[in-house]
Each structure stands twice: as C-alpha cells, then as structure tokens.
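# Results of the structural survey
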Amino acid sequence: MGTSTSSPLVYLTRIESFSACHRLHSIRLSEEENRELFGKCNNLNGHGHNYKVEVTVKGVVDRLTGMVMNLTDLKFIINDVLKQLDHKNIDKDVPYFAEKQLVSSAENIAVFIFEKMSEKLSHCVSLHSIKLYETDKNVVEYRGKFQ
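The model shown is predicted, which means the values in this text are computed figures rather than measured ones.

### Quick notes on the UniProt feature "binding site: Zn(2+)" (unreviewed entry) in the protein chain
When the UniProt feature table is mapped to this numbering, "binding site: Zn(2+)" (unreviewed entry) covers His22, His47 and His49. A compact arrangement is adopted by the annotated residues: their sequence extent is 28 residues, whereas the largest C-alpha distance between any two is 8.5 Å. Relative to the assigned elements, His22 resides in strand E1 (residues 9-22). A residue is classified by how much of its surface remains accessible, and His22, at 1% relative accessible area, is buried. Not counting residues up to four positions away in its chain, the partners in contact with His22 are Gly46, His47, His49, Tyr51, Ile90, Asp91, Ser104 and Glu134. One polar contact links His22 to His49, side chain to side chain, over a distance of 3.3 Å. Along the chain, His49 turns up in strand E2 (residues 47-60). A relative accessible area of 14% places His49 in the buried class.

What follows is the structure in structure tokens.
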C-alpha cells in the first residue's frame with residue numbers, strides 16, 4: 001500500500017433558498033400548445049415557488065485552514081446570485097430570461113444559477129453542481145456543459 005502526498009479532493013455543499021414566481025410559456029409555441037404542454041403552470045399571471053438550492057463546490061483541503069472554502073464566503077456568493085431571483089417575477093424581472101425569452105423552467109433556472117456562481121468563485125475551488133428543488137417532488141441538477 002502506497003501513501004499519497006496529494007491533498008484530498010472534497011465536495012462541499014451549502015443549502016439556501018429563495019422565493020419567486022414564473023410562468024411556463026414558450027414564445028415558440030402557440031397559446032393552445034402552451035396551455036396543453038404546461039397546463040396550470042401556464043397561468044397568464046404566473047405562479048410561485050419556494051425554491052431550495054444546493055450549491056456544491058469541489059476543491060482540495062487547504063493545509064492551513066482545513067477547509068475547501070470558507071463557508072461564510074460561499075454563503076455570501078450564493079446569496080449575491082440568489083438576490084437576482086428572490087421575490088422576483090423571473091420572466092419579467094431577470095434580464096437573463098426576459099432578454100433571451102427563455103422558458104423559466106427549473107432546468108433553465110439551475111443553469112442560470114450555475115453560470116452566475118461560476119463567475120464568482122475563486123480559482124481555488126470549482127463549482128461541481130447546482131441542485132434546484134422547485135418543489136419537494138420536482139428537482140433538477142446541473143453540473144455544467146461538459147459533465
């Protein structure tokens with residue numbers, strides 16, 4: 001059995017939440033197709049969720065601090081991203097969705113959070129995944145384009 005001198009790679013997860021409303025609707029579909037596909041989630045006035053987000057970063061354990069990343073820093077970065085969504089109408093108030101005319105599905109919201117988080121993390125850690133709970137039963141996970 002050999003010994004390894006490399007630092008261990010550890011995955012660190014922080015859980016936060018936000019509340020927002022949205023309407024599942026695609027401009028590429030007719031009104032009838034949208035109603036048929038999205039049902040009550042296509043309500044003209046939208047509907048809301050209390051989302052839960054699990055942000056997982058990965059990195060080596062720092063020999064000095066014993067941490068992959070300071071949790072206070074991670075919390076600050078997550079909340080800085082989530083404030084763009086919290087208590088907002090995602091379709092109208094978040095330029096990423098409004099300007100691109102993206103369907104504000106849980107999948108696209110997870111990609112949005114991933115992209116924004118990736119921009120803010122230091123080179124010492126990398127973003128492993130975003131797991132977004134739209135409801136207790138509807139959960140998506142995004143790990144980036146190439147995973």
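That shown, we press on.
### Thoughts on the environment of Gly144
With respect to the secondary-structure elements, Gly144 resides in the segment after strand E5 (139-142). Sequence separation of Gly144 and Ala106 is 38 residues, and the distance between their C-alpha atoms is 15 Å.

### Comments concerning the packing of aromatic side chains
This structure, assessed with the given rule, holds five aromatic pairs. The interplanar angle of 15° and the centroid separation of 4.7 Å between the aromatic rings of Phe18 and Tyr51 together place this pair among those described as stacked. With Phe18 in strand E1 and Tyr51 in strand E2, this residue pair connects regions lying 33 residues apart in the sequence. Residue Phe18 shares its accessibility class with Tyr51, and that shared class is buried. Feature note: the residues Tyr96, Phe97 and Phe112 constitute an aromatic cluster, connected by ring pairs. When the ring centre of Tyr133 is taken as origin, the NZ or CZ atom of Lys52, which lies over that ring, is 4.2 Å away.

### As for the sheet that holds strand E3 (residues 88-89)
Taken in spatial order, the five strands make up an open sheet running E3-E1-E2-E4-E5, and their pairing is mixed. Bordering the open sheet on either side are E3 and E5, each of which pairs with just one other strand. Examined bridge by bridge, E1 and E3 share two bridges and lie parallel to one another. Across the sheet, Cys21 pairs through a bridge with Asn89, a residue of E3. Contacts between helix H2 (residues 71-82) and the sheet are confined to E1 and E2, with E1 contributing the most and set at about 30° to the helix.

The rules behind the values
- Residues numbered from 1 in each chain as written.
- Predicted model: local features only at pLDDT ≥ 70, side-chain atom pairs only at ≥ 80, totals over all residues.
- Heavy atoms only, no water.
- UniProt positions renumbered as here; feature names shortened; annotations may be inferred.
- Helix = DSSP H or I, 4+ residues; strand = E, 2+ residues; numbered from the N terminus.
- Buried < 20%, exposed > 50% of the residue type's maximum accessible area, 1.4 Å probe, protein only.
- Contact = heavy atoms within 4.5 Å.
- Polar contact = N/O pair within 3.5 Å; in protein donor to acceptor, adjacent residues only side chain to side chain.
- Phe/Tyr/Trp six-rings, centres within 6.5 Å; stacked < 30°, edge-to-face > 60°.
- Lys NZ or Arg CZ within 6 Å of the ring centre and 35° of its normal.
- Pairing = 2+ DSSP bridges.
- Axes fitted to C-alpha atoms, helices over the stretch in contact; angles between N-to-C directions.

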